[in-house]
Amino acid sequence: LTYAKNRGYDVLNPETIPVPKRGDKVPSYISKEDVTKLIDNAISVRDKALISLLYSSGIRVGECSRLNREDIKGDTFTVIGKGNKARLCFVDKRAQHYIRVYLATRRDNNPALFLTEKKVRITSGRIQEVFKEVRARADMPHVHAHTLRHSFATNLLQQNCNLYYVQRMLGHQSLQTTQQYLHVVDEDLHKQYRLHHSI
């Protein structure tokens, strides 16, 4: 409507039309035990490395598909996220192990960190397919690749990580975006209430 109004068409004033507010959405996440269950149900070492890395770093699927072997420097690496902004990411010991084992099986010169079965760089779509296969074997139908990003953030907050650092690790421009994960703190508040409230 704004487009038509700006070009002189006789249409309703866009400002008079109420825009419904989006309600708060609590991100779905899984426990660290469920992450281990997913990894255990991945057949190939590549898939184990993929799932481990997504959980340990909290990176997006697209960021994962663009990674090169040389990007991983010990327990850190850098990705270019939304808005072309670089951010530092981390790799835990389990992900380091599976990446090391996976790369040891490779006999190619492809710079990509993860390859498909056809020896080309893995795509976001193929990563989603991997999750579809693994979650079926693990009997976890509601888990998606992005669930691991939510689980990463949730785990950090459960371990009392400052929200500001979680924001930086996720690459959120606004702290408000990161606040969607505060449902964890709400659960902790509930526990504290039950523990300390008396009548």
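Summary of the structure given here. As the structure is a computational prediction, the values presented were derived from the model and not from experiment.

The next thing to look at is the nonpolar core. Formed by 38 residues in total, the largest nonpolar core has its most connected members in Leu38, Leu53, Ile59, Phe77, Phe114, Ile127 and Leu148. Every element with two or more residues in this core is listed here: helix 2 (32–40), helix 3 (45–57), helix 4 (61–65), strand 1 (76–80), helix 5 (93–104), helix 6 (124–138) and helix 7 (145–158). In this view, Ile59 contacts Leu53, Leu54, Cys64, Leu67, Phe77, Val79, Arg87, Cys89 and Arg149; residues no more than four positions away in its chain are not counted. Core analysis: the next-biggest nonpolar cluster, separate from the first, contains nine residues, Phe152, Leu157, Leu163 and Leu170 among them.

Moving on, we come to the pattern of salt bridges. Within this structure, the stated rule accounts for nine salt bridges. Residues Asp47 and Arg46 are paired through a salt bridge, measuring 2.8 Å at the closest nitrogen-oxygen approach. Note on Asp47: relative accessible area 5%, which makes it buried. A salt bridge links Arg126 to Glu117, with the shortest nitrogen-to-oxygen separation between them at 3.1 Å. Arg126 gets classed as buried once you look at its relative accessible area, which sits at 13%. For Glu117, a relative accessible area of 52% puts it in the exposed group. Bridged by salt links that share partners, the residues Arg46, Asp47, Glu117, Arg126, Glu129 and Glu133 form one connected network.

About the thresholds
- Each chain carries its own residue numbering, running from 1 in the direction its sequence is written.
- Given that this is a predicted model, residues contribute local features only at a pLDDT of at least 70 and side-chain atom pairs are listed and counted only at 80 or more, while totals for whole chains, interfaces and linings are drawn from all residues.
- Derived side-chain values reflect all non-hydrogen atoms in the structure, with water molecules and hydrogen atoms excluded from consideration.
- Remark: nonpolar core denotes a set of buried residues (Ala, Val, Leu, Ile, Met, Phe, Trp, Tyr, Cys) joined through side-chain atoms within 4.5 Å.
- Here's how the labels work: a residue is buried when its accessible area is under 20% of the maximum for its type, exposed when over 50%, partly exposed in between, all with a 1.4 Å probe on protein chains only.
- Working definition: helices are DSSP H or I runs of at least four residues, strands are E runs of at least two. Numbering for both runs from the N terminus.
- Working rule for contacts: check all heavy atoms of both residues, and any pair within 4.5 Å makes them a contact.
- Salt bridge, as applied in this entry: a Lys or Arg side-chain nitrogen positioned within 4 Å of an Asp or Glu carboxyl oxygen.

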